[in-house]
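Structure assessment
Single-letter residue listing:
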Amino acid sequence: MKCIKALAAALIFAAAVPVSVCADGTAVMDYNNDGIVDIFDMVSARKGGTSESELKRLSGFLLGNGAEAAPEDGYKLIWSDEFSGNSLDMDKWSYELGNWKLDDNGNYVTNGWGNNEQEFYTDKNTTVKDGILTIAARKERLADEVQGSYDYTSARINTAHKFSTCGGKIEVRARCDSGKSLWPAIWMLPEDSAYGGWAASGEIDIMEGWGSTPEKICGTIHFGGQWPNNTYLTNDYKFTDGDGTQNWHTYSIEWERGEIRWYVDGNLYSTQTDWYSEGFSYPAPFDQNFYIILNFAVGGHFDGIDGIYAEPNTFADGEKHFDIDYVRVYEKTGSQFVPSEMSSLPLDNYIEGAEASVANREGCTIVDIKNAGSLEYAVMGLLRGQAVKAGEKHTISFDISSTAQRSMVLTAEDSAYTRYLDEKLTLTPEKKHYSFDVVFPSDMKADIKFQLGNIDDAAAIGAHTVTISDISWE
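Position numbers for residues count from 1 along each chain, tracking the sequence in the order it is written. Residues qualify for local features only when their pLDDT is at least 70, as the model is predicted, and side-chain atom pairs are given and counted only at 80 or more; totals for whole chains, interfaces and linings, by contrast, use all residues. Neither water nor hydrogens contribute to the side-chain values; these are computed over all heavy atoms in the structure.

This paragraph deals with the overall build of the protein chain. Of regular secondary structure, the protein chain possesses three helices and 31 strands. By the burial criterion, 53% of the 474 residues in the protein chain qualify as buried. Two residues form a contact once any of their heavy atoms are found within 4.5 Å. For the protein chain, the share of sequence-separated contacts (at least 6 apart) that also reach a separation of at least 24 residues comes to 70%. About 21200 Å² of surface is accessible on the protein chain, with carbon and sulfur atoms providing 49% of the total. The secondary structure listing takes helices from DSSP runs of H or I that are at least 4 residues long and strands from runs of E that are at least 2 residues long, numbered from the N terminus. Remark: exposure states derive from per-residue accessible area (1.4 Å probe, protein chains only) relative to the maximum for the residue type, with buried under 20%, exposed over 50%, and partly exposed in between. Note on areas: these come from Shrake-Rupley sampling with a 1.4 Å probe, and a residue is covered only by the protein chains present in the view.

Okay, the sheet that holds strand 29 (residues 432–439) next. The criterion for strand pairing is that DSSP finds at least two bridges linking the strands in question. As summarised here, the arrangement of the five strands in space is 23-24-31-26-29, forming an open sheet in which the pairing is antiparallel. With one partner strand each, in any of the chains shown, strand 23 (355–361) and strand 29 form the two edges of the open sheet. In this sheet, neighbouring strand axes are inclined to one another by 25 degrees on average, regardless of whether the strands run parallel or antiparallel. For strand 24 (residues 364–371) and strand 31 (residues 464–473), the ladder comprises six bridges, and the chain directions are antiparallel. Looking across to strand 31, one finds that Ile369 is bridged to His464. Axes here mean lines fitted to C-alpha atoms, for a helix over just the part in contact, with angles spanning 0 to 180 degrees between N-to-C directions.

Attention now moves to the packing of aromatic side chains. The aromatic pairing rule takes the rings of Phe, Tyr and Trp, using the six-membered ring of Trp, and pairs them if the centres are within 6.5 Å, calling planes under 30 degrees apart stacked, those over 60 edge-to-face and the rest tilted. Applying the stated criterion to the full structure yields 25 aromatic pairs. Plain terms: the ring middles of Trp210 and Phe302 are 4.7 Å apart, the flat faces sit at 10 degrees to each other, and that makes the pair stacked. Of this pair, Trp210 sits in the loop between strand 14 (203–209) and strand 15 (216–224) while Phe302 sits in the loop between strand 20 (290–298) and strand 21 (320–332); the two residues are 92 residues apart in sequence, bridging distant segments of the chain. Overall, the relative accessible area of 15% leaves Trp210 in the buried class.

A separate point is the pairing of strand 25 (residues 379–388). Among the ten residues of strand 25, eight are classified as buried, and the element is accordingly described as predominantly covered. Across four bridges, the pairing between strand 22 (residues 348–351) and strand 25 is antiparallel. If you follow Ile351 over to strand 25, its bridge partner there is Val379. Summarising the sheet, strand 25 and strand 30 (residues 444–451) pair through seven bridges and their orientation is antiparallel. Note on strand 30: the bridge partner recorded for Leu383 is Ile448.

With that settled, consider the side chain of Asp287. Checked against the element boundaries, Asp287 lands in the loop between strand 19 (267–272) and strand 20. Buried within the structure, Asp287 lacks any salt-bridge partner; Arg257 is the closest side chain of opposite charge, at an N-O distance of 4.7 Å. Two N or O atoms count as a polar contact when they lie within 3.5 Å, although within protein this holds only if one can serve as hydrogen donor and the other as acceptor, and sequence-adjacent residues are included solely when both atoms are side-chain atoms. A polar contact is formed between the side chain of Asp287 and the side chain of Ser340, at a distance of 2.7 Å. Those residues in contact with Asp287, other than ones at most four positions away along the chain, are Cys166, Tyr195, Arg257, Phe337, Val338, Pro339 and Ser340. Positive charges are assigned to Lys and Arg, negative charges to Asp and Glu, while His and the chain termini are left out of the count. Note on definitions: salt bridges are taken to be side-chain nitrogens of Lys or Arg within 4 Å of carboxyl oxygens of Asp or Glu.

Right, let's talk about the nonpolar core for a bit. Throughout this description, the term nonpolar core refers to a set of buried Ala, Val, Leu, Ile, Met, Phe, Trp, Tyr and Cys residues connected via side-chain atoms within 4.5 Å. Core analysis: the largest hydrophobic core is formed by 49 residues, its most contacted members being Ile204, Trp255 and Ile324. Looking at this core element by element, the count peaks at five residues for strand 20. In this structure, Met408, Met444, Leu452 and Val466 belong to the second largest nonpolar core, which totals 31 residues.

With nine of its nine residues buried, strand 12 (residues 168–176) lies for the most part within the structure. Alternating positions in strand 12 separate into two faces, Gly168, Ile170, Val172, Ala174 and Cys176 on one and Lys169, Glu171, Arg173 and Arg175 on the other, with burial throughout. Across seven bridges, strand 12 lies against strand 17 (residues 249–256) in antiparallel orientation. Within strand 17, the residue paired with Lys169 across the bridge is Glu254. Both strand 12 and strand 21 contribute to a ladder of eight bridges, which runs antiparallel. Residue Arg173 lies in a different strand from strand 21, and its bridge partner there is Tyr326.

Hydrogen bonding along the main chain pairs the strands of a sheet, whether they run parallel or antiparallel. Reading across from one edge, 22-25-30-27-28 is the order of the five strands in this open sheet, with antiparallel pairing throughout. Edge positions in the sheet fall to strand 22 and strand 28 (419–427), since each of these pairs with one other strand and no more. Pairwise comparison of adjacent strand axes, ignoring direction, gives a mean angle of 20 degrees for this sheet.

Take it as geometry only, folks, not as evidence of what the structure does.
Shown next, in the form of structure tokens:
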């Protein structure tokens, strides 16, 4: 018996690693908070209900295999960031800056990111140290010559155009300071708005937290039509007494065709299957590539005072932290879930001084015009922000008809409204096919505009409907 005890003690000593020397994120595996990662942390982790993936990770570390992601049963790791360097990996992430939500051409859409948020996002509010990404929210004055002055700063990062996924398992281990008006979020948006503007193309919220009630979080999907005709489904997860978002937890979703499941530490708390995108077949919109976003908002409708304002007393003892241990994305073994192909590109809408609507449907876009207004561009359907390179030839193709004969102007423009394509077409009840080539002189983001305002006195026509189908941009 003495020999067995001596051997056990030797194994414990051999596996014990001081937290201070671990530069790969192992500090957060110190489950009993004694400054050492050893076999006793496995006992504490099991008692604390730690997820199976984290138990595998801890086991691998104790056995000398490092703290890398452990294989997930039925899943294959396809992308991750373990934050093992000393700065944010810009090959994986991009910053979103400011307080204004902008369109693809940098034009103002709304302030507060559409949520009444009070912070100004910068690229100075993140640090990477000892395997942990920290997003810091600070009470500090920042003046911007365009967007104005703000009393709070924070950070928002995403993987747009660098990594996106359709389905699989997305897993993030994180913790966050508490306090009124703090709003940590781990979420996803579509790489391409295949079904139209928000929220027709969907949004997946893996985790959102209320700083004032750290004992719960929620997981949500947004879908339906374009704002304001959108809707959502959500469920809360409540931690056990004394626990909350201030402690380390693993937040994840498992996303399959027709079903999304939400977990905290491996515990399933929400399953959603009943969603839609107006005019499109199920399982739209959650059948396209989505990218990942991490941000730490201050104020706003989620936890702000009166749904707007920040609570300055939250920052009385200094800045607040949203800490992320890792972000991992897995592909389900044998899955055939890939993005659905689109038979016709959707159009965003622009209405100014007219009575009209632009609705995307399976294979077409319907522009219903009751009053064409006074401007040529009073009614438009748009392909926004198409990235083009100098000298490249692109082709816009479509079929189109109108219940009343009228004129339409088709343009390809840059953000300064310079036209690189400018065609006037006569629309009739007979469907016609059109195809136009355009070459751009420099790299830019171009808007393709179907202008259906008051062209050739179209306002005198009265109510009519224009149908644009099989839209492609190549």
